[in-house]
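Listed below are the residues making up each chain.
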Amino acid sequence: KQEVTQIPAALSVPEGENLVLNCSFTDSAIYNLQWFRQDPGKGLTSLLLIQSSQREQTSGRLNASLDKSSGRSTLYIAASQPGDSATYLCAVGSVNTGANNLFFGTGTRLTVIP
Amino acid sequence: EADIYQTPRYLVIGTGKKITLECSQTMGHDKMYWYQQDPGMELHLIHYSYGVNSTEKGDLSSESTVSRIRTEHFPLTLESARPSHTSQYLCASSGRGKGYTFGSGTRLTVV
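Residues numbered from 1 in each chain as written. Chains lettered and ligands numbered in written order. Predicted model: local features only at pLDDT ≥ 70, side-chain atom pairs only at ≥ 80, totals over all residues. Heavy atoms only, no water.

1. What to know about the side chain of Ser-49 of chain B
Residues and elements named next belong to chain B.
Move 1: Its location among the elements puts Ser-49 in strand β5 (residues 43–51).
Move 2: From its side chain, Ser-49 meets the backbone oxygen of Ser-54 in a polar contact 2.5 Å long.
Move 3: Filtering out sequence-adjacent residues up to four positions away, Ser-49 remains in contact with Asp-30, Lys-31, Met-32, Ser-54, Thr-55, Arg-68 and Phe-74. (Helix = DSSP H or I, 4+ residues; strand = E, 2+ residues; numbered from the N terminus. Polar contact = N/O pair within 3.5 Å; in protein donor to acceptor, adjacent residues only side chain to side chain. Contact = heavy atoms within 4.5 Å.)

If you want it as structure tokens, here you go:
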């Protein structure tokens, strides 16, 4: 079964700092990898989707990379802002599974201090 | 803009009542999902559908039921609500190569 781990579990940074969130997965047979953000008590907002054939995706201040062979992805946030404070979830679309093929990481709770 | 909609956003209901949580998507996605999430905890898949008249149970056992009569609509029903059903319920859909899109969720409280 695919296992997805995110490090660190929590991160607190001053405003303006660049930061990296890490995601690792155990089975490299994946369709894609998706990064989400979740605000407290809210749904998930998709940030970036990387297909298995891609190495990275960028959207504004966000850049996500994918290294399928090593089972790793990173989410880079440039010039962090207090509005970036949320929980960030990595989710892997896995090939070698049954019908449920989306596996979520444990999440990183980010706090950006003004 | 195409999206996925959940209603109600919040629901407080008494024990024993029957409730239906609504989920609709306008993206034409074949696959739809229901997740349950307690505060600060991970998401658990409770139901999914691969298309009209297709419904399956997810990893987490749930007393709820679902139906998929139309592509765009995937309601979740609890026949008799209990306090143990208090949680947030998130609906999602996915299209081929498109990733998952989530609704805003329904926060259910059973008193």
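2. Re the interface of chain B and chain A
Move 1: Contacts between the two partners involve 18 residues from chain B and, on the opposite side, 16 residues from chain A.
Move 2: Around 1,400 Å² of area is buried between chain B and chain A when both sides are counted, 49% of it from carbon and sulfur atoms.
Move 3: Of all residues in chain B, Leu-43, Tyr-100 and Phe-102 of chain B bury the most surface against chain A, accounting for 33% of the area lost on that side.
Move 4: Along the contact surface separating chain B from chain A lie 0 salt bridges.
Move 5: Between the two partners, chain B and chain A, sit 5 residue pairs in polar contact (both at pLDDT 80 or more).
Move 6: For the side of chain B that touches chain A, the elements supplying multiple residues, two or more each, are β4 (31–37), β5, β9 (87–95) and β10 (99–102) of chain B.
Move 7: Grouping the constituent residues of the side of chain B that touches chain A by class yields 8 nonpolar, 6 polar and 4 charged. (Buried area = accessible area lost by both parts, 1.4 Å probe. Salt bridge = Lys/Arg side-chain N within 4 Å of Asp/Glu carboxyl O. Nonpolar A, V, L, I, M, F, W, Y, C, P; charged D, E, K, R; others polar.)

3. Remarks on the pairing of strand β7 (residues 62–67) of chain A
Residues and elements named next belong to chain A.
Move 1: In β7, alternate side chains face the same way, and those of Leu-62, Ala-64 and Leu-66 are buried while those of Asn-63, Ser-65 and Asp-67 on the opposite face are not.
Move 2: Both strand β6 (residues 56–59) and β7 contribute to a ladder of 4 bridges, which runs antiparallel. By the bridge assignment for β7, Thr-58 is matched with Asn-63.
Move 3: Following β6, the chain reverses through 2 residues before pairing antiparallel with β7; Gly-60 in that reversal takes a positive phi of roughly 60°.
Move 4: Pairing geometry for β7 and strand β8 (residues 72–77), over 6 bridges, is antiparallel. Paired with Ser-65 across the two strands is Thr-74, which belongs to β8.
Move 5: Once β7 ends, the chain turns through 4 residues before running back antiparallel as β8, passing Gly-71 with a positive phi of about 65°. (Buried < 20%, exposed > 50% of the residue type's maximum accessible area, 1.4 Å probe, protein only. Pairing = 2+ DSSP bridges.)

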